[in-house]
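Each chain is listed here by its residues.
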Amino acid sequence: MRFARGDAYEGLEMRALVTGGAGFIGSHIVDLLLARGYRVRVLDSLHPRVHPHGRPRYVPETVELVLGDVRDRAALGAALDGVDVVFHLAAYQDYMPDFSTFFDVNTVSTALLYELIVERRLPVRTVVLASSQAVYGEGPYRCAAHGVLWPGPRPAAQLAGGDWEHRCPQCSDVVEALPITEERVQPHTAYGISKYALELAALALGAKYDLPTVCLRYSITLGPRNAFHNAYSGVCRTFTLRALHGQPPLVYEDGLQRRDYVYVADVAAASVLVAEHTEANGQVYNVGGARAWTVLDVAQAVLEAAGRTDLAPLVAGDYRYGDTRHTVSDSSKLRALGWRPTLGLAEIVAAYVGWARAQPDLAATYEAAEARMRAQQVLRRAAAAERAIPAHDAAGA
Ligand SMILES: NC(=O)c1ccc[n+]([C@@H]2O[C@H](COP(=O)([O-])OP(=O)(O)OC[C@H]3O[C@@H](n4cnc5c(N)ncnc54)[C@H](O)[C@@H]3O)[C@@H](O)[C@H]2O)c1
């Protein structure tokens, strides 16, 4: 272990920079760092899609919040001043087809981070970077007759026929999804490629300049503060908004897609844990949930947490071209460091629904989400699969 507590390292108070620290996961990392005695600075642009009302109330007054863009050399350079540990979470994650922005924000900012640390000989001890399960694309599957395969996205014609499962290219049988370990990646979206590229840049530069670096591939993270206004935030948000307004959750495909949803405080704990363990230097870790749940499980958990078990999930066969089918990470490598996911789906969803209920602009957010959903429905019906906008992840990042 590198240091037991933030304030106990060689008698000095540890200073952390969290980029994107006003966001969902970043803000939970900030809370944990403060609780562990760190002094914390946040660099965040307060992106209007995530923060339409400016600085969120949950950012503590004790945090130094620097308003700026991680792509801005002057802003990032100033934010790095006097820092011991960096958590790089600021990112572009959206459904828009502005591909270059993913690389610009996610990858180029990472290179700039190392450039500034090396150029200025900054005394940074560790860098922890937020990567994503999206680096795996569809992930591995196994055909009983033909072995392991890494399929590409399901063809548009297959989805148009309501045939949801991956099939073996040799025998056409349905193949079984395998848990995803860290060894192999196959990103197929601008977001996923930008995240893998940042891992490559960070690990190579970290090794070359002897700067301890750790990359974390978060699974779909759920919990309070999950970008409430941003349509990007996925199923838990949309199901919750509808359930709290007496509407059934609209489930894509057959609802049997599996994901290992993970609680945001567990993701924060993983992020701080790897910063404090020398064994983690130069490593990549999955940060996944306790087990796999289906999208229908999420819908049911939301209805229970919202007290609307009189409603039933609506499974109409709608789908989004580009969504992955099953994506479940194996986090054994991180568990070997002592980390465990603490909450199951029902508790995670209850925490989120409780928080969402308390949001002052719940009704307006619901209206906006419904309008967007209606627009998407029209696009899908009118244009069929080949013109639908590919989503880069089913339910999150
Ligand atoms: N939420 C998930 O399920 C999930 C899953 C896998 C990986 N991740 C990764 O975790 C990290 C945090 O995700 P999140 O869900 O907390 O997102 P979020 O949108 O809630 O937070 C991101 C924060 O970054 C800020 N930001 C965006 N662009 C910026 C820029 N150019 N300069 C400075 N600040 C900027 C935003 O204002 C926001 O506060 C991201 O790197 C994301 O790719 C998230």
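For the structure, see preceding data.
Residues numbered from 1 in each chain as written. Predicted model: local features only at pLDDT ≥ 70, side-chain atom pairs only at ≥ 80, totals over all residues.

Enquirer: Explain the sheet that holds strand β8 (residues 176-177) residue by residue, including any values.
Expert: Sheets are built from strands paired through backbone hydrogen bonds, the pairs being either parallel or antiparallel. The three strands are arranged β7-β6-β8 in an open sheet whose pairing can be described as antiparallel. The sheet is open, and its two borders are formed by β7 (147-149) and β8, each paired with just one other strand. In terms of strand pairing, strand β6 (residues 141-143) meets β7 through three bridges, oriented antiparallel. In the sheet register, Y141 faces β7, and the bridge partner there is L149. (Pairing = 2+ DSSP bridges. Helix = DSSP H or I, 4+ residues; strand = E, 2+ residues; numbered from the N terminus.)

Enquirer: Residues and numbers for the sheet that holds strand β1 (residues 15-19), please.
Expert: The parallel open sheet is built from seven strands, whose spatial order is β3-β2-β1-β4-β5-β9-β14. Looking at which strands have only one partner, the edges of the open sheet turn out to be β3 (64-67) and β14 (283-287). Strand-to-strand, the axes of this sheet are offset by a mean angle of 20°, without reference to chain direction. Sheet analysis places strand β5 (residues 126-132) next to strand β9 (residues 213-218), joined by six bridges and oriented parallel. If you follow V128 over to β9, its bridge partner there is V214. Helix α5 (residues 190-208) rests against β5, β9 and β14 of the sheet, and its axis sits at about 160° to β5. Across the sheet, helix α7 (residues 264-275) is in contact with β4 (85-88), β5, β9 and β14; its angle to β9 comes to roughly 165°. (Axes fitted to C-alpha atoms, helices over the stretch in contact; angles between N-to-C directions. Contact = placed C-beta atoms within 7 Å.)

Enquirer: Tell me about the packing of helix α1 (residues 24-35) against α7, residues and numbers included.
Expert: At a minimum axis distance of 8 Å, the contact between α1 and α7 shows a crossing angle of 60°. Taken together, the axes of α1 and α7 are oblique relative to one another. For the element pair α1 and α7, the recorded crossing hand is right-handed. Seen from α1, the contacting residues are F24, I25, H28, I29, L32 and L33; seen from α7, they are V264, A265, V267, A268, A269, S271 and V272. Its residues placed into classes, the contact of α1 with α7 shows 11 nonpolar, two polar and no charged. (Parallel < 35°, antiparallel > 145°, perpendicular 65-115°, else oblique. Left-handed = near helix turned anticlockwise from the far one by under 90°. Nonpolar A, V, L, I, M, F, W, Y, C, P; charged D, E, K, R; others polar.)

Enquirer: Go over the environment of D94 with me, naming the residues and quoting the values.
Expert: As for its position among the elements, D94 is in the loop between β4 and α3 (99-119). Sequence-wise, D94 and L256 are 162 residues apart; in three dimensions their C-alpha atoms are separated by 24 Å.

Enquirer: Explain the pairing of β1 residue by residue, including any values.
Expert: Judged by how many residues are buried, β1 sits mostly within the fold: four of five residues are covered. Two strands pair when backbone bridges link them, and β1 and strand β2 (residues 39-44) are joined in this way by five bridges, in the parallel orientation. Note that in β2 the partner of V18 across the bridge is V42. This β-α-β element, β1 to α1 to β2, shows right-handed connectivity. One ladder, built from four bridges, connects β1 with β4; its direction is parallel. Note that in β4 the partner of L17 across the bridge is V86. (Buried ≥ 20, exposed ≤ 12 C-beta atoms within 10 Å, placed from the backbone. Right-handed = clockwise from strand over helix to strand, strands pointing away.)

Enquirer: Just give me the short version of the pairing of β5, but keep the residues and values in it.
Expert: It is a general feature of regular strands that their side chains alternate between the two faces of the sheet. Here β5 lies mainly inside the structure; seven of its seven residues are buried. Covered by surrounding structure in β5 are T126, V128, A130 and S132 together with V127, L129 and S131, the residues of both alternating faces. When β4 meets β5, the two strands line up parallel, connected through four bridges. Within β5, the position partnered with V85 by the bridge is T126. Crossover connection from β4 via α3 to parallel β5: handedness right-handed.

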